[in-house]
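# Structural overview for review
The chain contents come next:
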Amino acid sequence: MNKIAVIGCGGFIGVHLVERLLELGYEVDGWDLDDHRLAMIRNHAQFHFHHTDYSSAHEIDDISSHQIVIHLAALCNPSLYNTQDELVISSNFMQPATLVQACVHKGSWLIFFSTCEVYGRTLHGHAETAGVPFTNELQRDQIDLLREDSPILLGSTEARRWSYASAKQLLERYLIGLAGYPNFRWTVVRPFNFLGPAMDFIPGIDGEGLPRVMACFMHALLNNQPLSLVDGGKNRRCFTWIGDAVEAIVAILEHPEKARNQCFNIGNPQNEIDMRGLAERMCVLYTQITGKTAPGMVSVSSAEFYGAGYEDSDRRLPDVSKALRLLGWKPHTSLDITLQRTVKWFLDKYQEHS
Ligand code: UGA
């Protein structure tokens, strides 16, 4: 059980995970089309990089021959969900489903990265959209808390934003449906907004398009432009330090029986903040680190920012007690520290380009 296949090893989560696995003595076979984050580990003797698409029959056969397969590859950028939903569904459901079939056939353990977005919106979010907001604020946290078996509240099929959540959800359901194959086992991880160095890209420097919120705000800071608050920045997220998240995967690997055919929320409920608050904190950090005045903020509608058909998760508050109970894992890193480390990393890497 010392050799692991990691699909999407060159992405943000992938590089941090592979680095840690190598440190722990695992041998890693990694697949990715993107290698620009891999410089630090590329020549490690225990790391074998396959610079190719994982979905050809030959690669799938090779990958599924590993006893442990970690699947991270995803088109997980919200700007694509309502504009390129066909691609989002094929890459997040159809391609991994082919891999699942091969893993069933070979009897491998598949650790599949799903998303916190499968929960969609909270009951409060739905009520607000329907124009009948809940008034009982006292019970709000209890109702909003997302357990692995909480109901899923997505928008209509016409609301294209939910293409990604639906694809991931269907893959999860497919895995559950395969319970009759005793040699095959799976574990599902639902990540809640991991943050850290090497996350996404800065448009115009090492990528094109619209990255996720951290890189969008950093792009604005680096270019002295106002930070865009989508719909006023009212939606909330719980940000999780990437190092804590990686330890959750290590805990899964160390508890194969307890993690067998289980789904885990991996997130930090202590680190909840709305996007306006995040922008404010990042502006303060920017000034502390650079000595420069931060630009202001501007509110933009989601239709303007992402295009028509965009709907948002209002809040994602994870219950992580299952990971503690079964794996002994809990997050430790505060939002302050997570942001300090991440903003500093972005400034060190990109400031010379601004
Ligand atoms: C994305 C993916 O869709 C999830 O599946 C994934 O689990 C998650 O990232 C993650 O990082 O774990 P989301 O949190 O909606 O989900 O992605 P972001 O683009 O980071 O957006 C967070 C919030 O910031 C949203 O409300 C968005 O509208 C807002 N935002 C984004 C801004 O206010 N300004 C910006 O410039 C960019």
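A brief look at the structure comes next.

Parameters at a glance
- Residues numbered from 1 in each chain as written.
- Predicted model: local features only at pLDDT ≥ 70, side-chain atom pairs only at ≥ 80, totals over all residues.
- Heavy atoms only, no water.
- Phe/Tyr/Trp six-rings, centres within 6.5 Å; stacked < 30°, edge-to-face > 60°.
- Helix = DSSP H or I, 4+ residues; strand = E, 2+ residues; numbered from the N terminus.
- Buried < 20%, exposed > 50% of the residue type's maximum accessible area, 1.4 Å probe, protein only.
- Lys NZ or Arg CZ within 6 Å of the ring centre and 35° of its normal.
- Patch = residues over 30% accessible without salt bridge, like charges linked within 9 Å, V, L, I, M, F, W, Y side chains within 5 Å.
- Areas by Shrake-Rupley, 256 points an atom, 1.4 Å probe, with all protein chains shown as cover.
- Salt bridge = Lys/Arg side-chain N within 4 Å of Asp/Glu carboxyl O.
- Axes fitted to C-alpha atoms, helices over the stretch in contact; angles between N-to-C directions.
- Parallel < 35°, antiparallel > 145°, perpendicular 65-115°, else oblique.
- Left-handed = near helix turned anticlockwise from the far one by under 90°.
- Contact = heavy atoms within 4.5 Å.
- Nonpolar A, V, L, I, M, F, W, Y, C, P; charged D, E, K, R; others polar.
- Pairing = 2+ DSSP bridges.
- Expected span 1.5 Å × (residues − 1).
- Arc of directions from axis to C-beta.
- Near = heavy atom within 4 Å.
- Polar contact = N/O pair within 3.5 Å; in protein donor to acceptor, adjacent residues only side chain to side chain.

## Digging into the packing of aromatic side chains
All chains considered together, the criterion is met by nine aromatic pairs. Ring centres 4.6 Å apart and planes at 10 degrees place the aromatic pair Tyr81 and Tyr164 in the stacked group. Separated by 83 residues along the polypeptide, Tyr81 in helix 3 (residues 78-81) and Tyr164 in helix 7 (residues 163-177) bring together distant segments of the chain. Here the aromatic rings of Tyr119 and Phe192 are separated by 6.1 Å at their centres, their planes lie at 40 degrees, and the arrangement is tilted. Of the two residues, Tyr119 is situated in the loop between strand 5 (109-113) and helix 5 (123-129) and Phe192 in the loop between strand 6 (185-191) and strand 7 (194-195); the sequence distance between them amounts to 73 residues. Overall, the relative accessible area of 2% leaves Tyr119 in the buried class. When its relative accessible area of 0% is taken as the criterion, Phe192 is described as buried. An aromatic cluster is built from Phe305, Tyr306 and Tyr310, whose rings are joined through pairwise contacts. One cation-aromatic arrangement involves Arg185 over Trp109; the distance from NZ or CZ to the ring centre is 5.3 Å. One Lys or Arg, Arg341, reaches over the ring of Trp241 and ends 4.7 Å from the middle of that ring.

## Brief notes about a nonpolar patch on the surface
A grouping of Leu123, Phe134 and Ile143 is seen on the molecular surface, where their side chains present a nonpolar patch of about 240 Å² in accessible area. Along the polypeptide, Leu123 turns up in helix 5. Here Leu123 falls in the partly exposed class, since its relative accessible area comes to 42%.

## Describing the packing of helix 2 (residues 57-64) against helix 4 (residues 85-106)
Following both chains from N to C, one finds helix 2 and helix 4 inclined at 45 degrees, their axes separated by 9 Å at the closest point. With respect to their mutual orientation, helix 2 and helix 4 come out oblique. The two elements helix 2 and helix 4 meet at a crossing, and its hand is right-handed. Residues Ile60, Asp61, Ile63 and Ser64 of helix 2 touch helix 4, and the partners they reach there are Thr98, Leu99, Ala102, Cys103 and Lys106. Of the residues contributing to the contact of helix 2 with helix 4, the split by class is five nonpolar, two polar and two charged.

## Looking at the sheet that holds strand 11 (residues 262-266)
Here seven strands make up an open sheet; going across it, the order is 3-2-1-4-5-6-11 and the pairing parallel. Of all the strands in the sheet, the pair left with one neighbour each is strand 3 (47-50) and strand 11. With direction set aside, neighbouring strand axes in the sheet form an average angle of 15 degrees. Alignment of strand 4 (residues 68-71) against strand 5, held across four bridges, turns out to be parallel. Bridged to His71 within strand 5 is Phe112. Running at roughly 170 degrees to strand 4, helix 4 makes contact with strand 1 (3-7), strand 4 and strand 5 of the sheet.

## Quick look at helix 13 (residues 335-350)
Residues spaced three or four apart along an α-helix point in a common direction, a consequence of the helix completing one turn every 3.6 residues. Over its 16 residues, helix 13 extends 22 Å from the first C-alpha to the last, a length consistent with the 22 Å expected when each residue adds 1.5 Å. Turning to helix 13, its buried residues number three or more, namely Leu335, Thr338, Leu339, Thr342, Val343, Phe346, Leu347 and Tyr350. Viewed along the axis of helix 13, the buried residues span an arc of 145 degrees, placing them on a single side of the element. At its buried positions, helix 13 is contacted by strand 7, helix 8 (213-222), strand 10 (240-241), strand 12 (272-274) and helix 10 (275-290).

## A closer look at the pattern of salt bridges
Here the structure, examined in full by the defined rule, presents 23 salt bridges. The partner of Arg20 in a salt bridge is Glu247, and the shortest N-O contact between them spans 2.7 Å. Taken as a pair, Arg20 in helix 1 (residues 12-23) and Glu247 in helix 9 (residues 242-254) lie far apart in primary sequence, 227 residues in all. Its relative accessible area of 23% is what places Arg20 among the partly exposed residues. Where Arg185 meets Glu257, a salt bridge forms, and the shortest distance between an N and an O atom there is 3.9 Å. Pair noted here: Arg185 is in strand 6 and Glu257 is in the loop between helix 9 and strand 11, with a separation of 72 residues, a long-range link.

## Notes on the site of the ligand
In the neighbourhood of the ligand, 25 residues make up the surrounding shell, with Tyr81, Thr115, Glu117, Arg237 and Asp312 lying closest. Ser228 places a polar main-chain atom, nitrogen or oxygen, 2.7 Å from a nitrogen atom of the ligand. Take Asp312: an N or O atom from its side chain is 2.5 Å from an oxygen atom of the ligand. Listed by contribution, the elements that provide at least two residues to the shell around the ligand are helix 3, helix 8, strand 8 (227-230) and helix 11 (302-306). Here the shell around the ligand is composed, by residue class, of 15 nonpolar, four polar and six charged.

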